[in-house]
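Each chain is listed here by its residues.
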Amino acid sequence: LRTNKQTNERKGGGGGRMESLEAVVANTLALSSTFDDLSHLSSLLKQSEDLLVRNLDKLGDVLGALDAGRHSLACLHILDVLSSRVPVGSPDSGEVICRISSFINDCSADQIRLAPELFASVCHKLKDFVMTAGNLPIKAILPLQTAIRKIQPTPEHFTPQHADFTLVCLLSKCYNAALPILDTDIFEVDPKKTALTPRDFLLYCYYGGTVYIGLKRFNKALQLFHHAITAPSTVLNAITIAAYKKFVLVSLIVNGQLAQFPKYTPSIVQRSLKTQSQAYVNMGNAYATRNVEEVQRCITSHHEGFNNDRNLGLAKQVVASLYKRNIQRLTQTYLTLSLQDIADTVKLEGPRDAEMHVLRMIEDGEIFATINQKDGMVRFHEDSEQYNTMEMAERLDGEIHSMMKLAGKLTAVDEQISCDRAYLGRMSMRDGRHGRYADPDDFDHVGAQRILDPQ
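Cut-offs used in this document
Every chain begins its residue count from 1, and numbering advances along the sequence as written. Residues qualify for local features only when their pLDDT is at least 70, as the model is predicted, and side-chain atom pairs are given and counted only at 80 or more; totals for whole chains, interfaces and linings, by contrast, use all residues. As a convention, hydrogens and water are excluded, and side-chain values are obtained from all of the structure's heavy atoms. UniProt positions are given in the numbering used here, feature names are shortened, and annotations may be inferred rather than shown by experiment. For salt bridges, the criterion is a side-chain nitrogen of Lys or Arg within 4 Å of an Asp or Glu carboxyl oxygen. Each helix corresponds to a stretch of at least 4 residues labelled H or I by DSSP, and each strand to a stretch of at least 2 residues labelled E; elements are numbered beginning at the N terminus. Think of it in three bands: residues with accessible area under 20% of the maximum for their type are buried, residues over 50% are exposed, and the middle band is partly exposed, with areas taken using a 1.4 Å probe on protein chains only. Residue ranges for the domains trace back to a domain assignment, done automatically or taken from a database. Any pair of residues with heavy atoms lying within 4.5 Å of one another is described as a contacting pair. Here, a strand pair is defined by DSSP locating no fewer than two bridges between the strands. Here the arc refers to the set of directions running from the helix axis out to each C-beta atom. Geometry of aromatic contacts follows a simple scheme: Phe, Tyr and Trp rings, the Trp one being its six-membered ring, pair when their centres are within 6.5 Å, and the pair is stacked under 30 degrees between planes, edge-to-face over 60, tilted otherwise.

Going by what an unreviewed UniProt entry lists, the protein chain is known as COP9 signalosome complex subunit 3 and is assigned to Chara braunii. What the UniProt record of the protein chain gives under Sequence similarities (unreviewed entry) is the line "Belongs to the CSN3 family."

Here's what the structure looks like:
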């Protein structure tokens, strides 16, 4: 490929679409230095998409003539066209996977942030390609993790790649690989900088919650499903319904009861979700009876539905949690109890089964007890933790610092909202409808100063 086609096809030449692949390479080499140059190059590439589509079989040569690090914007445009025209599952998909993975590893973060929609599209394509037969989802874990870090303005920003990354970790059963992303607190959502959509958020909450279930971290799973259910919405969608079904089962495991909808849950969700998930509501009602047999009958009667939703295994864990919760209730009433009495009260198969449950709960720190192997008696104890060790002091100190950091974040967000013109305008309109108008003294000094002097 020639890189010196014509002078009028170089920087500033013509200002319209490019007529040849040589011109694409020439303009890319000439317009990859400054922000203005890159903006002009992006415009040229958008206008020349038809050219790239017509020469699909030659785009590999064009990518070979460019450097992914210095010419990331042009490579991104080309990869988007190439990946969009190669059918998922085709023999060429393996080559596309390699090209996208290599590009993500080598590309310039500054350049790809100029086209977040294209970068999100390419990452979505990578996820689609590795999910087909013959390509393992595990291949996309590291590339998508790198993609998240590169497109993020800060580590606290949420991106479309979060959902894709979590999904490939889930399908690969590499749950621990997802933790560096899942355990990072997210405070910033900026669609203009990341091309984030509401669907990306909902999918991330659903996939992330499912990963946490696989790791038995039910409290974290419950938080993510809760976010999916309470996200602002005007229509009920399949993702929210699926998240609610898992939310019900995890809520029973964590809290022992079906949680109520918070006040800020969208009205359409509150009205329609339970009717769309009747089997799960029945499960919650059965659990409330504290009768294991009743819960098992509910699972049996709705077996097909739980299985189709891929929640049958989670439903069985609900039964196991009821056994544990019933044993924990015994510790509030008795100081000593035989294994046979525990088995009879909790409806276990026998003393040996009761012993296994008690030992497992002792290991997990869910109860404090000792078992006398001679007479089969279980003695329950109080929590022996005195909260006076160095380890506990460090843990408390870490929690305090986390709360202080979170409080600072909330204060900053509150100040930002209080200074937002759209928010203030809406509040003024609402007060006007109620016969009351905003008083200048209602606004704090900082907010008023920013409104008067936005610069």
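1. Here's the deal with the pattern of salt bridges
Under the counting rule described, the total for this entry stands at 9 salt bridges. A salt bridge links R217 to D183; its shortest N-O distance comes to 3.4 Å. Of this pair, R217 sits in the loop between α13 (198-214) and α14 (218-230) while D183 sits in the loop between α11 (179-182) and α12 (191-194), and the two are 34 residues apart along the sequence. What makes R217 partly exposed here is its relative accessible area of 31%. For D183, a relative accessible area of 34% translates into the label partly exposed.

2. Considering the domain arrangement of the protein chain
For the protein chain, the domain assignment lists domain 1 (24-157), domain 2 (197-329) and domain 3 (334-397). Here the C-alpha centre of domain 3 lies 56 Å away from the C-alpha centre of domain 1.

3. Quick word on the side chain of K150
Within the secondary structure layout, K150 lies in helix α9 (residues 141-151). Ignoring sequence-local partners within four residues, the contact set of K150 consists of I104, N105, D106, C107, A109, I112 and R113.

4. What about the pairing of strand β3 (residues 377-380)?
Burial of β3 is one-sided: the residues V378 and F380 facing one way are buried, the residues M377 and R379 facing the other way are not. By the bridge criterion, 4 bridges tie strand β2 (residues 369-372) to β3 in an arrangement that is antiparallel. Looking at β3, one finds that T370 is bridged to R379. Here β2 hands over to β3 after 4 residues, with G376 in that stretch at a positive phi of 70°.

5. What about the environment of R70?
Here R70 shows up in the loop between α4 (59-65) and α5 (72-85). Looking at R70, the relative accessible area reads 56%, which means it is exposed. For the pair R70 and K263, spaced 193 residues apart in sequence, the C-alpha to C-alpha distance is 51 Å.

6. Focus on helix α21 (residues 339-346)
The periodicity of an α-helix, 3.6 residues per turn, causes residues three or four positions apart to be oriented the same way. Here α21 has its buried residues at L339, I342, A343 and V346. The buried residues of α21 all sit within an arc of 100° when viewed along its axis, so they share a single face. Along its buried surface, α21 packs onto α18 (292-301), α20 (312-331), β1 (336-338), α22 (351-363), β2 and β3. K347, located one to two residues past α21, shows a positive phi value of around 70°.

7. Some remarks on the packing of aromatic side chains
Under the counting rule described, the total for this entry stands at 7 aromatic pairs. Cluster of aromatic residues (ring-pair linked, three or more members): F158, F201 and Y204.

8. Description of the environment of S20
With respect to the element layout, S20 can be found in the segment before α1 (21-30). A residue is classified by how much of its surface remains accessible, and S20, at 13% relative accessible area, is buried. Separated by 32 residues in sequence, S20 and L52 place their C-alpha atoms 8.8 Å apart.

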